[in-house]
Every structure is written in C-alpha cells, then in structure tokens.
Amino acid sequence: MVLQTYQREFIDFAIANGVLTFGEFTLKSGRKSPYFFNAGKFNSGSALHKLGQYYAAAITAHAELQYDVLFGPAYKGIPLAASTVIALAAQEGGRDVAYAFNRKEKKDHGEGGHIVGAQLAGRVLVVDDVITAGTAIRESMELIAEEGAQLAGVVVAIDRQERGRESERSAIQEIQGEYGVPVVAVVRLDDIVEYLEEHGSGDAAAAERLNAMKAYRQEYGAQY
C-alpha cells in the first residue's frame, strides 16, 4: 500500500515532536520494541492543531466511516476529539461535527451524568490515541449503548499491527471482529516501515533501524 501524503507528513511530524522514537524500549507486555509511540508528547497548541488535521484527513480518506458525532474517551481522547472536530470544520467544504466526552466519575449535581458535550445519538465515532488491550473502547461502547446510540467506528493515531500475548490477532482486529465496525489508524506499523525504506538504508544507523523494525514485525506481527 502506497503511503498517502498525510501519512508521510504525520510520521515526519511525530518524529519531529519526539512522539515516534527509535531505539530499544521495553513495553508493558515485556516485549523489546525497536520503536515507541508516545502521543502524550503532542502537548502544545500548535501540535494539537496539526494532530487534529491528520485525524481529520484519515477520517475523510475512509468513506466507510459514517458518523454523526465524535466521542473522546477520558482522558487522552478528549483533546483528540476536540482538535479533530475543529479540523473537520476547517477543511475545504468542511463539516461541523458535534463532539462529546465522558467523565471518569458520574456527576450527581448540575447537569449530572457521565457525558459532557453533545448528546450521544445516532452513529458515534470514537477518537483515541492507540488501542492496546481494547479496554477503553469497550468502556466507550458501554457508554454509547447506554445512551441508545450506535458505535460507528474507531479512529486512532497508530496501529502497531501486533498480535496479543494470547491471540494471533491484534487488538484492533479483535475490536473489529467483536463489534463489526471499521477501525482506522492514521498510520500503521507497515506505513512506518515503508517510510523508513523511502528514506534509504545507505546510512548504517538507518539500515540498522529498518532491519530492527522488520525483525520485530516478523516476530510479533498479527496475522492478516
């Protein structure tokens, strides 16, 4: 699959902001990964402004995503959903989309409830940073169902395309299979590898980085 312009620019952007780094990292799973993606480092106004544009580009590029409202799971999903609806409205021929997010604890005064922002109604598109075990998405699904709405799909920054410890499928594949909805990533592991290939392997350090990424994918990649 050929990298789209927005995907190539997003990888540039993630590297420049120290969000995507290469080396040797021990993941929560105990695996030694040659790369690490820390979306928490998108932590300034200009970074969030651009990040929303990349999420909006990914959403627009996937016509299968039919939605009425965006939902950002607390806490990381909140600024992501907000920046994405701003970017969607600013696109040429832009669309003004409502968004909502949840409280971690239900409020029993004022307007009350778990949900802040727009009503969760119709088709709800969840916006988050990554899917690791799928816990946040399942919690979001429960909230969406409680409001009588329908899960339309999920959009994340990165799909590691990595199988679980007890399954040959990735967390994203499990969510797709469980709920029967599309899960879209701005970039996937395959896209990062393609990006590294594009940037050449003539330099020894670059070649080593690319080989480490391919080896990791070979060892832990999910079955598609």
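To start, this report covers the structure provided alongside it. Values in this document were obtained by computation on a predicted structure and should not be read as measured data.

## A closer look at the pairing of strand 6 (residues 123-127)
Sheet faces and side chains relate simply in a regular strand, where the side chains alternate between the two faces.
(1) Moving on: Of all five residues in strand 6, four are buried; the element is thus mostly enclosed.
(2) Moving on: Judged from the three bridges that link them, strand 3 (residues 69-72) and strand 6 form a sheet pairing that is parallel. In the sheet register, V69 faces strand 6, and the bridge partner there is V124.
(3) Moving on: With five bridges connecting them, strand 6 and strand 7 (residues 150-159) associate as parallel partners. When the sheet's bridge partners are listed, L125 is paired in strand 7 with G153.
(4) Moving on: Tracing the backbone out of strand 6, into helix 4 (residues 135-146) and back to the parallel element strand 7 gives a crossover that is right-handed.

## Observations concerning the pattern of salt bridges
(1) Moving on: Counting across every chain of the model gives 11 salt bridges.
(2) Moving on: Between E198 and R8 there is a salt bridge, and its shortest N-O distance comes to 2.9 Å. On the criterion of sequence distance, the pair formed by E198 in helix 6 (residues 189-198) and R8 in helix 1 (residues 5-16) is long-range, its members being 190 residues apart.
(3) Moving on: According to the relative accessible area criterion, E198 is partly exposed, its value standing at 41%.
(4) Moving on: Look at R8 and you get partly exposed, because its relative accessible area is 25%.
(5) Moving on: Put simply, E197 and K214 hold a salt bridge, and the shortest N to O gap is 3.0 Å. Highlighted residues: E197 in helix 6 and K214 in helix 7 (residues 204-220), separated in sequence by 17 residues.

## Let's talk about the side chain of S33
(1) Moving on: Along the polypeptide, S33 turns up in strand 2 (residues 32-37).
(2) Moving on: A relative accessible area of 1% places S33 in the buried class.
(3) Moving on: Polar contacts involving the side chain of S33 include one to the main-chain carbonyl oxygen of Y35, which spans 2.6 Å.
(4) Moving on: There is a polar contact of 3.1 Å between the side chain of S33 and the side chain of R160.
(5) Moving on: When sequence neighbours within four positions are dropped, the list of residues in contact with S33 reads G23, E24, F25, L27, R160 and Y216.

## A short note on unusual backbone geometry
(1) Moving on: For the bond running from A74 to Y75, omega is 0°, close enough to zero to count as cis.
(2) Moving on: Mapped onto the elements of the fold, Y75 is located in the loop between strand 3 and helix 3 (77-90).

## Looking at the packing of helix 1 against helix 6
(1) Moving on: Contact pair helix 1 / helix 6: the axes reach a minimum separation of 10 Å and the direction vectors enclose 85°. When the interaxial angle is binned, helix 1 and helix 6 end up roughly perpendicular. Residues Q7, R8, I11, D12 and I15 of helix 1 form the contact with helix 6, whose participating residues are D191, I192, Y195 and E198.
(2) Moving on: Residues that form the contact of helix 1 with helix 6 fall into these classes: four nonpolar, one polar and four charged.

## Topic: the packing of aromatic side chains
(1) Moving on: Applying the stated criterion across every chain, the model contains 11 aromatic pairs.
(2) Moving on: Where F10 meets F13, the ring centres are 6.5 Å apart and the plane angle is 50°; that geometry is what we call tilted. Of this pair, F10 and F13 both sit in helix 1, separated by three residues, roughly a single helical turn.
(3) Moving on: Its relative accessible area of 1% is what places F10 among the buried residues.

Basis of the calculations
Residue indices begin from 1 for each chain and proceed along its sequence in written order. With pLDDT at 70 or above as the cut-off, local features in this predicted model cover only qualifying residues; side-chain atom pairs require 80 or more to be listed or tallied, and sums for whole chains, interfaces and linings still use all residues. Remark: hydrogens and water are excluded; side-chain values derive from all non-hydrogen atoms of the structure. Buried, partly exposed and exposed residues are distinguished by accessible area as a fraction of the type maximum, computed with a 1.4 Å probe on protein chains only: under 20%, between the cut-offs, and over 50%, respectively. Helix and strand definitions here come from DSSP, where helices need a minimum of 4 consecutive H or I residues and strands a minimum of 2 consecutive E residues; each element is numbered from the N-terminal end. When DSSP finds at least two bridges between two strands, those strands are taken to pair. With strands facing away from the observer, any crossover in which the path from the first strand over the helix to the second runs clockwise is taken as right-handed. By definition here, a salt bridge exists when the distance from a side-chain nitrogen of Lys or Arg to a carboxyl oxygen of Asp or Glu is within 4 Å. For this analysis, a polar contact is any N or O atom pair within 3.5 Å, provided that within protein one partner can donate a hydrogen and the other can accept it, and provided that sequence-adjacent residues contribute only side-chain to side-chain pairs. Residue contacts are defined here by distance: any two heavy atoms, one from each residue, within 4.5 Å place the two residues in contact. Only the stretch in contact is used when a helix axis is fitted, and all axes are lines through C-alpha atoms; the angle between N-to-C directions ranges over 0 to 180 degrees. Orientation categories follow fixed angle ranges, with anything under 35 degrees roughly parallel, anything over 145 roughly antiparallel, 65 to 115 roughly perpendicular, and all other angles oblique. The nonpolar class holds Ala, Val, Leu, Ile, Met, Phe, Trp, Tyr, Cys and Pro. Asp, Glu, Lys and Arg form the charged class, and all remaining residues, Gly among them, are polar. Geometry of aromatic contacts follows a simple scheme: Phe, Tyr and Trp rings, the Trp one being its six-membered ring, pair when their centres are within 6.5 Å, and the pair is stacked under 30 degrees between planes, edge-to-face over 60, tilted otherwise.

Geometric descriptors of this kind do not, in isolation, establish any biological role.
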